[in-house]
Structures are given as C-alpha cells and as structure tokens.
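Listed below are the residues making up each chain.
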Amino acid sequence: QVQLVESGGGLVQAGGSLRLSCTASGRTLGWYAMGWFRQAPGKEREFVAAISWGGDSTDYADSVKGRFTISRDNAKNTVYLQMNSLKPEDTAVYYCAARRAPRVVTTNDYNYWGQGTQVTVSS
C-alpha cells in the first residue's frame, strides 16, 4: 500500500553533513507517523528519530540528539533526516518507516519500510 524509497546516502568525512530523503509512492503520507532507523554491520537495527504525522512532535535516540534533525513535508510525501557533525560510529544502512498512528512511534513497530540507503563516515 505504501512504498518508501530512501535517497541521499553516501560517503562523507567525519564532521560533515548529509541529508537523507524518503519519498512515498502509492499514497500520501498524511496521518502517518514516520521514523528513521539504522543498522550497522553486526548490529541490530536501532531507532534513530521519529516524527508525528503533523510534524509537531519529534523524538531522537540519545546518540544523535543535537546532531540530527527529522522533518517532513506532507505535500511532497517526503520525510527528511538532516545529519550534522557525523561520526564514524554513524556508519550504517539507514531505513525510513511509516505507520498509521496519531503520535510518534519510537519502537520497531512500523508497518512499512524502505530498502535503505548506505551512509559511510570516514575518519
């Protein structure tokens, strides 16, 4: 019902910035809570950031607070993750996710997932 496609990943030096985008097809993202997750080699998928359907409420993992910013543009069916002051520890495959929910969702309980985009931070 909802197809999510991430973009914007790549290779960046430590201290640099990247902006990830996640665009939906099939239907609009109105009334969908959105989230970003990441999975590093040998690690389990972990929560990064989430935003409510209206964009008025957000939540972040402690490891990215103050460095990452999640936002959305429902008119464009797109959610963003602005990543600043990147560290090598941020290297992972980043996934966006969607769920029909009235509030932010910080758990792994999402209905739709993208294919992921690789982010590599070099020292």
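One can find the structure itself at the top, above this paragraph.
Keep in mind it's a predicted model, so treat the numbers as computed, not measured.

**Student:** So what's going on with the overall build of the protein chain? Residues and values would help.
**Tutor:** Within the protein chain, the secondary structure is distributed over zero helices and 11 strands. Counted from the first residue to the last, the protein chain has its helices and strands arranged as β-β-β-β-β-β-β-β-β-β-β. The proportion of buried residues among the 123 residues of the protein chain is 43%. Here the contacts in the protein chain between residues at least 6 apart in sequence split such that 59% fall between residues at least 24 apart. As displayed, the protein chain has an accessible area near 6300 Å², and 44% of this comes from carbon and sulfur atoms. Here the protein chain carries 13 positive and 10 negative side-chain charges, and the mean point of each set is 5 Å from the other.

**Student:** Tell me about the packing of aromatic side chains, and please be specific about residues and values.
**Tutor:** For the structure on display, the rule yields six aromatic pairs. Between Trp 31 and Trp 53, the ring centres sit 3.9 Å apart and the planes meet at 25°, which makes this aromatic pair stacked. Taken together, the positions of Trp 31 in the loop between strand 3 (18–25) and strand 4 (32–39) and Trp 53 in the loop between strand 5 (46–51) and strand 6 (58–60) put the pair 22 residues apart, joining distant regions of the chain. On the basis of relative accessibility, which here comes to 29%, the residue Trp 53 falls in the partly exposed class. Ring centres of Phe 37 and Phe 47 lie 5.8 Å apart, and the angle between their planes is 75°; this geometry places the pair in the edge-to-face category.

**Student:** Pulling in residues and values, what's your account of the state of the cysteines?
**Tutor:** Taken as a whole and assessed by the stated rule, the structure comprises one disulfide. Paired by a disulfide, Cys 22 and Cys 96 hold their sulfur atoms 1.9 Å apart. In this structure the cystine formed by Cys 22 and Cys 96 twists about its S-S bond by roughly 50°; its chirality is therefore right-handed. With Cys 22 in strand 3 and Cys 96 in strand 9 (residues 92–100), the pair connects residues that are 74 residues apart, well separated along the chain.

**Student:** A description of the side chain of Thr 117 should follow, citing residues and the corresponding values.
**Tutor:** Summarising the element assignment, Thr 117 is placed in strand 11 (residues 117–122). Overall, the relative accessible area of 11% leaves Thr 117 in the buried class. Among the polar contacts made by the side chain of Thr 117, one reaches the main-chain amide nitrogen of Gly 9 at a distance of 3.3 Å.

**Student:** Before we move on, could you go through the nonpolar core and cite the residues and values that matter?
**Tutor:** Counting residues in each nonpolar core, the largest one holds 38 residues, and the members touching the most others are Leu 4, Met 34, Trp 36, Leu 81, Met 83 and Tyr 94. When residues of this core are traced back to their parent elements, those giving at least two are strand 3, strand 4, strand 5, strand 7 (68–73), strand 8 (78–83), strand 9 and strand 11. In contact with Tyr 94, other than residues within four places in its own chain, are Glu 6, Leu 20, Trp 36, Phe 37, Arg 38, Val 48, Phe 68, Leu 81, Met 83, Gly 116, Thr 117 and Val 119.

**Student:** Now, about the sheet that holds strand 7: what can you tell me, with residues and values included?
**Tutor:** Read across the sheet, four strands follow the order 1-3-8-7 without closing on themselves; strand pairing throughout is antiparallel. Strands at the two margins of the open sheet, each flanked by one partner only, are strand 1 (3–7) and strand 7. In this sheet, neighbouring strand axes are inclined to one another by 15° on average, regardless of whether the strands run parallel or antiparallel. Relative to strand 8, strand 7 runs antiparallel, the two being bridged by six bridges.

Basis of the calculations
Residues numbered from 1 in each chain as written. Predicted model: local features only at pLDDT ≥ 70, side-chain atom pairs only at ≥ 80, totals over all residues. Heavy atoms only, no water. Helix = DSSP H or I, 4+ residues; strand = E, 2+ residues; numbered from the N terminus. Buried < 20%, exposed > 50% of the residue type's maximum accessible area, 1.4 Å probe, protein only. Contact = heavy atoms within 4.5 Å. Areas by Shrake-Rupley, 256 points an atom, 1.4 Å probe, with all protein chains shown as cover. Lys, Arg positive; Asp, Glu negative; His and termini not counted. Charge placed at Lys NZ, Arg CZ, Asp CG, Glu CD. Phe/Tyr/Trp six-rings, centres within 6.5 Å; stacked < 30°, edge-to-face > 60°. Disulfide = S-S within 2.5 Å. Polar contact = N/O pair within 3.5 Å; in protein donor to acceptor, adjacent residues only side chain to side chain. Core = buried A, V, L, I, M, F, W, Y, C linked by side-chain atoms within 4.5 Å. Pairing = 2+ DSSP bridges. Axes fitted to C-alpha atoms, helices over the stretch in contact; angles between N-to-C directions.

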